[in-house]
Each structure stands twice: as structure tokens, then as C-alpha cells.
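The primary structure of each chain is shown beneath.
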Amino acid sequence: VAILGAGMLSMWFSHRALVPIEHITQAASKIAGTNDLSTRLRWKGPADELGKLISVFNQMMGRIQHLFSVQQRFVADISHELRTPLTAIQGNIALMKRYGVDAASLDDIESECQRMTRLVNDLLMLARADYGGIKIELAPLDLDTVVIECLNSAKAVAKDRKLDIHLGHFQPVRVKGDHERLKQLVSNLLNNAIKFTPDGGQIVVTLGSNNENAILTVKDSGIGIQKIDMDRIFDRFYQSESSRVHHTDNEGFGLGLSIAKWVVEAHHGTISVSSEPKQGATFTVTIPLYRHADEDMPPHMRPTRTRIPALRKMLEGGDDE
């Protein structure tokens, strides 16, 4: 009787222990058969080994579902963005076949080809960044010089717009970074501000530091960002409603801020945004300062840097401020 009772009790315990594993097997079979990535397992038992296994399984399925949805949205966005210029090119070719070659049609085709080239280049860069195909060469550089270069370029881009683009608080800052990537970062932030700021507005760039990080801000007085957009503002291809966008011939594809975020993270920094609708937006970037032997000296013994007046003069094209 004791042996029979022990055997039955062992079978009951074994069955009870194997039920969750059977549920996992059934869930995996369901996913393989129906492609239903929303499947989750319920567990009401203790947080033992099986409980942890089910928790990890659910977390894994959540991440797979998220990545799959991102991939689907990514493919749909690429298709949408490529369809517009291709349609324009096909329309111009049809007109040229019917009425002959004209300069306006050729200019339109060239413009759309340039837009597609920018899109493909940005996508290629982001794809290479995802799998580590881009190497960032970090070296000591003056971030203030990079900002001035980008500010000059931004003023040239917005020369036909009535925008006040100027410097706010500005101080020399040295970081360890890649010159071209940081220039791309600042340019993307400035272009984004120009795009969403109507004529008559202003864009202010500030640069400073604390004990550990360089702090760059790009503040505009534009249309701001809706709360519903805040969580996705750095997603690839994400753009707010077209009615809120100041359209230009060089309108982007919603990749600029995604690239900016990647550049910041590649420099071990952070990027954030604060905004209210119709009250502008402020993008804040922090990048670790470059530590040099001079930083350990007392303040009165450190070598001084006097580039700011010269840089301001170069930017404003006039007297030092």
C-alpha cells in the first residue's frame, strides 16, 4: 500500500510539475501555426523556476512582437516614402513623352532623385549603425567650433525665411567625439527647428557644461510638439500631422531625429525634448566632457581659451559681442 501510494503521489506531482511546460509547448505550437505573437502564458503559482521560465517567455514574446511590429511599420514607411518621388518621376516622364523634354520636368526629376538618394543614404547609415557597421572615431575636439559651423550652414539654409537664428549662452567646451557625426547631430537639430518654426520665430542655440557633461540646447519658438507625439518623436519615419509642418522643397523623411539619437548614444550621451503645443520645443543634448590634465589644475592656473569672440565675429559677420 505504501509503495502504491508513493507511486500515485509521484505521478500526481510529476503531472502538476509538467503542466506549465505543456502550456509553453502548446503556446509555441500556436505561434508557429498561426503567427499569433500576442500569445502570453498565465501563471498563478509561486515565483519558482517554472514561474521564472514563464515570465522570461512572456518577456521574450513581448519583445518579439514589438520588433515585428516595428519591422512592419518600417517597411510600410519606406514604401510610402519611395512611392511619392517615384510617382512624381513617372508623371514627369509621361509629360516629356507627350510634349517633349523641358527644363522644368528635368529639374523635378533631379529633385526627386536627390530626395531618394538622401533617403537611401540615411537608411543605409541607420542599418549599418544597428549591426555595428559604423565605427565612431572619438578624438578630442572643440564642440563650440562644430556648433558655429552648423549655425552658419543653418543660416544659409534659412536665408529665404524670416527667422532669427542666434546664439544664447555660449562657452568653449571640449569633448571626445567624431567631428562629422557631431556636425550631423547639430545640423539635424537645427534643420528640425527650422522646419517647425514659422516665419517671424526665433531659434536659440546655447552651449555650456557642468562638472561632467557638455550641454547643448536648441530652442525654437515654433509650433511645439503634441503630447501624443512626445513618446515617438525619435522613432524612424515618425512625423507629426502634415498640417503642422512647414513644407519645403527639402522636406525630410522623419529620420533626422533618429539619426541624432544614434549619434548621441554613440558618444555615450543623452538627448531629450521638452515642449508644449504652440510654445516651441527645446532639445537638450549632454555629452561627457573630455578630461585633460589641465582639468586637475586650480582655476587660476588653467590655460585660457579666447576663441568665443572670434567665433561670434565669424558667425555674425561683424564686431565682437
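Residues numbered from 1 in each chain as written. Predicted model: local features only at pLDDT ≥ 70, side-chain atom pairs only at ≥ 80, totals over all residues. Heavy atoms only, no water.

### Observations concerning the overall build of the chain
Stated precisely, the cut-off is as follows: In this description a helix means any DSSP run of H or I spanning at least four residues, a strand means any run of E spanning at least two, and both kinds are numbered starting from the N terminus. Any two residues whose heavy atoms approach within 4.5 Å at even a single point are treated as in contact. Methods summary: accessible areas were calculated by the Shrake-Rupley approach with a probe of 1.4 Å, and residue burial reflects only the protein chains presented.
A tally of helices and strands in the chain yields eight helices and seven strands. Considering only residue pairs separated by 6 or more positions, the chain has 71% of its internal contacts joining residues 24 or more positions apart. Counting only carbon and sulfur atoms, one obtains 55% of the accessible surface of the chain, whose full area is about 19700 Å².

### So, the nonpolar core
The following threshold applies: Here the nonpolar core consists of buried residues drawn from Ala, Val, Leu, Ile, Met, Phe, Trp, Tyr and Cys, with membership extended through side-chain atoms lying within 4.5 Å. Only protein chains enter the calculation, and the probe is 1.4 Å; a residue is then buried if its accessible area is under 20% of its type maximum, exposed if over 50%, and partly exposed in between.
Judged by nonpolar contacts, the single largest core of 53 residues is most densely connected at L185, L189 and L190. Not counting chain neighbours up to four residues away, the residues in contact with L185 comprise A260, V263, V264, V285 and I287.

### Focus on helix 3 (residues 103-130)
Because an α-helix packs 3.6 residues into every turn, residues spaced three or four apart end up facing the same way. As a reminder of what qualifies: Multiplying 1.5 Å by the helix residue count minus one yields the expected span of that helix. Polar contact is defined as a pair of N or O atoms within 3.5 Å, subject to the rule that within protein one atom must be able to donate a hydrogen and the other to accept it, and that residues adjacent in sequence are counted only when both atoms are side-chain atoms.
With 28 residues, helix 3 extends 41 Å between its outermost C-alpha atoms, agreeing within 8% with the 40 Å of an ideal straight helix rising 1.5 Å per residue. What helix 3 keeps buried is the set S105, I109, E112, R115, M116, L119, L123, M125, L126 and A129. Packing partners of the buried residues in helix 3 comprise helix 2 (49-99), helix 5 (179-196) and helix 7 (256-266). Its side-chain oxygen at 3.3 Å from the backbone nitrogen of A104, D102 defines the N-terminal cap of helix 3. Positive phi shows up at G132, right after helix 3, with a value of about 80°.

### Quick word on the environment of D107
Take D107: it is sitting in helix 3. The class for D107 is partly exposed, based on a relative accessible area of 48%. For the pair D107 and N92, spaced 15 residues apart in sequence, the C-alpha to C-alpha distance is 9.8 Å.

### Notes on the pattern of salt bridges
Put simply, the test is: Put simply, a salt bridge is a Lys or Arg side-chain nitrogen that is within 4 Å of an Asp or Glu carboxyl oxygen.
With the rule as written, the count across this model stands at four salt bridges. The salt bridge involving E112 is made with R115; its shortest N-O contact spans 3.4 Å. Residue E112 and its partner R115 are located together in helix 3, separated by three residues, close to a single helical turn. In terms of burial, E112 and R115 fall into one category: buried. Residues K183 and E149 are paired through a salt bridge, measuring 3.9 Å at the closest nitrogen-oxygen approach. Here K183, found in helix 5, pairs with E149, found in helix 4 (residues 143-157); they are 34 residues apart in sequence, far enough to count as distant.

### Here we look at the confidence of the model for the chain
Which entries qualify depends on this criterion: Known as pLDDT, the predictor's per-residue confidence is scaled from 0 to 100.
Confidence in the prediction of the chain, expressed as mean pLDDT, is 79, and 84% of residues score 70 or more. Below a pLDDT of 50 lies the segment residues 242-250, which in the model reaches 15 contacts outside its immediate sequence neighbourhood of four places, other chains included. A low-confidence stretch, residues 296-304 stays under pLDDT 50, and its non-local contacts, those more than four residues away or across chains, total four contacts.

### Structural notes on the pairing of strand 6 (residues 270-275)
Basically, it comes down to this: Between any two strands, pairing holds if DSSP finds at least two bridges.
Residues of strand 6 alternate between two faces, with I271, V273 and S275 buried on one and T270, S272 and S274 left unburied on the opposite face. Strand direction decides the pairing type here: strand 6 and strand 7 (residues 281-288), joined by six bridges, are antiparallel. Bridge pairing in strand 7 places I271 opposite V285. Hairpin connection from strand 6 to strand 7: five residues lie between these consecutive antiparallel strands, with K278 at a positive phi of about 65°.

### Observations concerning the packing of helix 2 against helix 3
Stated precisely, the cut-off is as follows: Each axis is a line fitted through C-alpha atoms, and for a helix only the stretch in contact is used; angles between axes span 0 to 180 degrees, taken between their N-to-C directions. To sort the angles, those under 35 degrees are grouped as roughly parallel, those over 145 as roughly antiparallel, those from 65 to 115 as roughly perpendicular, and the leftovers as oblique. Crossings are sorted by hand: turned counterclockwise from the far helix by less than a right angle, the near helix makes the crossing left-handed, and turned clockwise it makes it right-handed. Under the grouping applied here, Gly and all other residues not named as nonpolar or charged are polar, the nonpolar ones being Ala, Val, Leu, Ile, Met, Phe, Trp, Tyr, Cys and Pro and the charged ones Asp, Glu, Lys and Arg.
The interhelical angle for the contact between helix 2 and helix 3, taken along N-to-C directions, is 160°, at an axis separation of 9 Å. When the axis of helix 2 is compared with that of helix 3, the two are roughly antiparallel. When the axes of helix 2 and helix 3 are compared, the crossing they make is left-handed. Between helix 2, through F74, I78, E81, L82, P85, L86, A88, I89, N92, I93 and M96, and helix 3, the contact on the second element is made entirely by S105, L106, D108, I109, E112, C113, R115, M116, L119 and L123. Its residues placed into classes, the contact of helix 2 with helix 3 shows 15 nonpolar, two polar and four charged.

### Comments concerning the sheet that holds strand 4 (residues 202-209)
Strand order in the open sheet formed by five strands is 2-4-5-7-6, and the pairing between neighbours is mixed. Sheet topology places strand 2 (164-170) and strand 6 at the edges, where each strand pairs with a single neighbour. Sheet twist, expressed as the mean angle between neighbouring strand axes with direction ignored, is 15°. Where strand 2 meets strand 4, five bridges bridge the pair, whose relative direction is parallel. Counted as the bridge partner of F170 is L207 from strand 4. Contacting strand 2, strand 4, strand 5 (213-220), strand 6 and strand 7, helix 5 crosses the sheet at an angle of about 170° to strand 7.

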